[in-house]
Number of protein chains: 2
Amino acid sequence: MNTPIRLGIAGLGTVGVGIIKIIQQQANLLANRTGRNIEIAAVSALTRHKDRGVSLNDVVWENSPDALAKRDDIDIFVEVIGGSEGVAKQSTKAALDAGKDVVTANKALIAIHGQELAEKAEARNCSILYEAAVAGGIPIIKTIREGLAGNQISRVLGVINGTCNYILTRMEQDNLSYQDAFNEADELNYLEADPSLDVGGIDSAHKLAILSAVAFGTQPDFQSIEVAGIERINIDDIHAAADMGFKIKLLGVTQCDSDGLIQRVHPCLVPATSPLGQIDGGTNMVVIEGDSVGRLVLQGLGAGQSPTASAIVSDICDLALGQRRPIFGRPSKSLIQARRNSHERSAPYYMRLSLLDQTGALARVTSILAENGISIDRMRQYGHSGEYAPVLIVTHKSLRTPLNRALKALAATKDVVEAPIALKIELP
Amino acid sequence: MNTPIRLGIAGLGTVGVGIIKIIQQQANLLANRTGRNIEIAAVSALTRHKDRGVSLNDVVWENSPDALAKRDDIDIFVEVIGGSEGVAKQSTKAALDAGKDVVTANKALIAIHGQELAEKAEARNCSILYEAAVAGGIPIIKTIREGLAGNQISRVLGVINGTCNYILTRMEQDNLSYQDAFNEADELNYLEADPSLDVGGIDSAHKLAILSAVAFGTQPDFQSIEVAGIERINIDDIHAAADMGFKIKLLGVTQCDSDGLIQRVHPCLVPATSPLGQIDGGTNMVVIEGDSVGRLVLQGLGAGQSPTASAIVSDICDLALGQRRPIFGRPSKSLIQARRNSHERSAPYYMRLSLLDQTGALARVTSILAENGISIDRMRQYGHSGEYAPVLIVTHKSLRTPLNRALKALAATKDVVEAPIALKIELP
């Protein structure tokens, strides 16, 4: 047996406790796999005296994550505090400065400061592993970085926020309003402290920025992601989509080619029969397209104590085995600053208009679409109570610019009550 | 840049050529990922002068894989010859004896001789990597061995032979007979030289034996796998299954618990709406159940030049980075010889009987089932031409022993024309 590997765990929330449970319950398995005992040397958290359902006897308590990060008796700094700034960032840097390896579940930190941290780590021959930051228990980072090492990746897309998928699934399956489904998710504690991180698409965007870097060898670039959330999706949209053979999912999509990089997070329509159309509830799914492997699909639990801890422990085992790679799979100095792809691709769109129920309204609306070169594939107007009618349209392929022009013109008419919605139809 | 890593490739068939293509076309990517140039130092194949569409200038040619395996100027012996015995096994051992690492796509070799080879390799501190041996381009070995390192795995099941899935899909979607679908697969060169390896379930069993070892820490035990093929599945079965909300898939299933290990490959019914029920054609899917990660599903191309080569190149990159683990994820000396689980689990079954169209036949058949304690959930008898009628039955949960007793009794009657079929209904 080699020397034990010693952990310093910063943060004893759901995930931190989950890690301790696995380390304690699977001690023999982990020792057999790595040839080393994995020891929890020290921990740090806000409140010390609190029953967390795990024994922390003979574990040193540090009041500050910073102090924990620098301890001589730890090999790996496990950061499960969260947040892109403040103590999480500071203690992670402190750990790297002290020559420690870092394992983190912090998607915001890596999405926003990944390049800086990777350069610091690689300069010190330290590792930062972050499998748990994207899609919970699904080993998506390892899959792209290692399992597809010989592939030119062209596109990665997926449902990477379980909470949004849960809300959309509940609306679809139980005919709930967005607000009711949102409230239910809230009661179940599925939502982040700031719910806009989930329903606003920010959490998905953090994960997407990381996926882009690993897939394409580009510097993580959270700022350039186009982000839209699911707040405006209503039950009419869900029904109309289903009616036309689609489901509405909050997708993260990243594509890279000679035109540059395009990253977007937004609610899209996907064919109900496609893999992405078939995942329900809190499940995550990531689809990877590589030139040799073709299309690879991974599906699993994207959040929760055990799945997230499972990913953290996998990273810890890699380090215990002394396995090191560049942080994003290629040396951070070699990561390119991708030019943002401004080349528009045409796609079919789904539109929802709320039309005042007055003579000629539909005629005026459809002529505005025609004037802007938007041609209609399918249109539905459902029976309605109240003075306006939802009109639901699927367009033929169109570029976004003329579409936006049409949307603007429509919003300006007296016929259209609220700002129209337009969702891209993402084809596999 | 570190020293280059030098390959000796034994076998220049589809996969061998695919490896060369990736190594040559992705040279920069691979060098960036691994920090080393990957060089093809020498090759060996049966016929030398043959246009394979790749340039092999300044690559040394060895006539014997054995001689190739021992060359001083190679670091990794890449075995893509195939077959569990003969030259593949011999040259692999020669490579290990010479202290070379081995990368192979040879499922039969690892399934049957994996324990012996792993002990030899570990004794010499050499690696054997075999990602390409199971499920083609899907990084399933890496996922279980590394990505789920902290999980107690309870079950792994999947569709791991694309050819059988192609045949079953063609029957289902285009109403082809088994023989027509088989012939089509044959014309497309989807079948192994010995087709029984595919349709007889042997190929799936080879892969399953490997999955078991990696998932459970047991010695690969191909011999103890219960194997049945798809040869007797006919279009009536496909229709009846669809009619009742199921699809027929050739599944490999391995489960391990305190009762021991049970490994089986056989055609099963799965719910049409389950992930396994939704994969068509040559696609593979593997479902892994772990105590922390929950259920993880991987889907991708299970065969073909590029996907298989993609897996081989991933293994080569791991070795180029100097990453070593025990061959099956735990030291081979620690792998246990699993007791075969003889504890029967009850399950619902699908049965097909060919009944002579004579008065009282159905009464006699159903009473035989009753006498053996097999109770009927659903039964269908379809209109038929000719003198016998297909009768299709879904039973309530039953143990296999009384079911086999009933099948035997049924076969002995004058009412039942050919040996009845009984397929397990595998619930997710």
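Residues numbered from 1 in each chain as written. Chains lettered and ligands numbered in written order. Predicted model: local features only at pLDDT ≥ 70, side-chain atom pairs only at ≥ 80, totals over all residues. Heavy atoms only, no water.

**Description of the sheet that holds strand β15 (residues 388-395) of chain B**
Paired through backbone hydrogen bonds, the strands of a sheet run either parallel or antiparallel to each other. Residue and element names in this part refer to chain B. Spatially, four strands are ordered β14-β15-β13-β16 in an open sheet, and the strand pairing comes out antiparallel. Two strands bound the open sheet, and with one partner strand each, they are β14 (376-381) and β16 (421-424). On average, each strand axis in the sheet is inclined to that of its neighbour by 20°, with strand direction left out of account. Inspection of the sheet shows strand β13 (residues 349-356) paired to β15 by seven bridges, in the antiparallel sense. Across the sheet, residue Arg-352 finds its bridge partner in β15, namely Leu-392. With respect to the sheet, helix α11 (residues 235-243) is in contact with β13, β14, β15 and β16, its orientation differing from that of β13 by roughly 130°. (Pairing = 2+ DSSP bridges. Helix = DSSP H or I, 4+ residues; strand = E, 2+ residues; numbered from the N terminus. Axes fitted to C-alpha atoms, helices over the stretch in contact; angles between N-to-C directions. Contact = heavy atoms within 4.5 Å.)

**A few points about the pairing of β16 of chain B**
On a regular strand, one side chain projects to one face of the sheet and the next to the other, so that they alternate. Residue and element names in this part refer to chain B. Covered by surrounding structure in β16 are Ile-421 and Leu-423 together with Ala-422 and Lys-424, the residues of both alternating faces. Relative to β16, β13 runs antiparallel, the two sharing four bridges. Bridge pairing in β16 links Tyr-349 to Lys-424. (Buried < 20%, exposed > 50% of the residue type's maximum accessible area, 1.4 Å probe, protein only.)

**Regarding helix α1 (residues 14-25) of chain B**
Residues and elements named next belong to chain B. Look at α1: 16 Å from first C-alpha to last across 12 residues, which is about the 16 Å you get at 1.5 Å a residue. For α1, the complete set of buried residues consists of Gly-16, Val-17, Gly-18, Ile-19, Ile-20, Ile-22 and Ile-23. Residues of α1 that are buried sit in contact with β1 (5-10), α2 (27-34), β2 (38-44), β4 (76-79) and α12 (305-320). (Expected span 1.5 Å × (residues − 1).)

**What about the relation of the copies chain A and chain B?**
You can overlay chain A on chain B at an RMSD of 0.0 Å; the transform is a turn of 180° with a shift of 0.0 Å along its axis. In symmetry terms, the pair is related by a two-fold rotation axis. Closest to the rotation axis within chain A is the C-alpha of Leu-298 of chain A, separated from it by 2.4 Å. With an isologous cut-off of 70% or more, the 100% of interface residues of chain A that recur at the interface of chain B puts this contact in the isologous class. (Least-squares fit on C-alpha atoms with pLDDT ≥ 70 in both.)

**Focus on the side chain of Lys-142 of chain A**
Relative to the elements of secondary structure, Lys-142 of chain A occurs in helix α6 (residues 140-147). Ignoring any residue separated from it by four or fewer positions in sequence, one finds Lys-142 of chain A in contact with Glu-131, Gly-147, Ser-314 and Asp-318 of chain A together with Lys-142, Glu-146, Gly-147 and Arg-325 of chain B.

**A short note on the interface of chain A and chain B**
Listed as interface residues are 49 residues of chain A and, on the opposing side, 49 residues of chain B. Of the roughly 4,000 Å² buried where chain A meets chain B, counting both sides, 46% is carbon and sulfur surface. Here chain A and chain B share four salt bridges between them. Our count for the contact surface shared by chain A and chain B stands at 24 residue pairs in polar contact (both at pLDDT 80 or more). Elements with a minimum of two residues in the side of chain A that touches chain B: α2 (27-34), α6, β12 (294-301) and α12 (305-320) of chain A. (Buried area = accessible area lost by both parts, 1.4 Å probe. Salt bridge = Lys/Arg side-chain N within 4 Å of Asp/Glu carboxyl O. Polar contact = N/O pair within 3.5 Å; in protein donor to acceptor, adjacent residues only side chain to side chain.)

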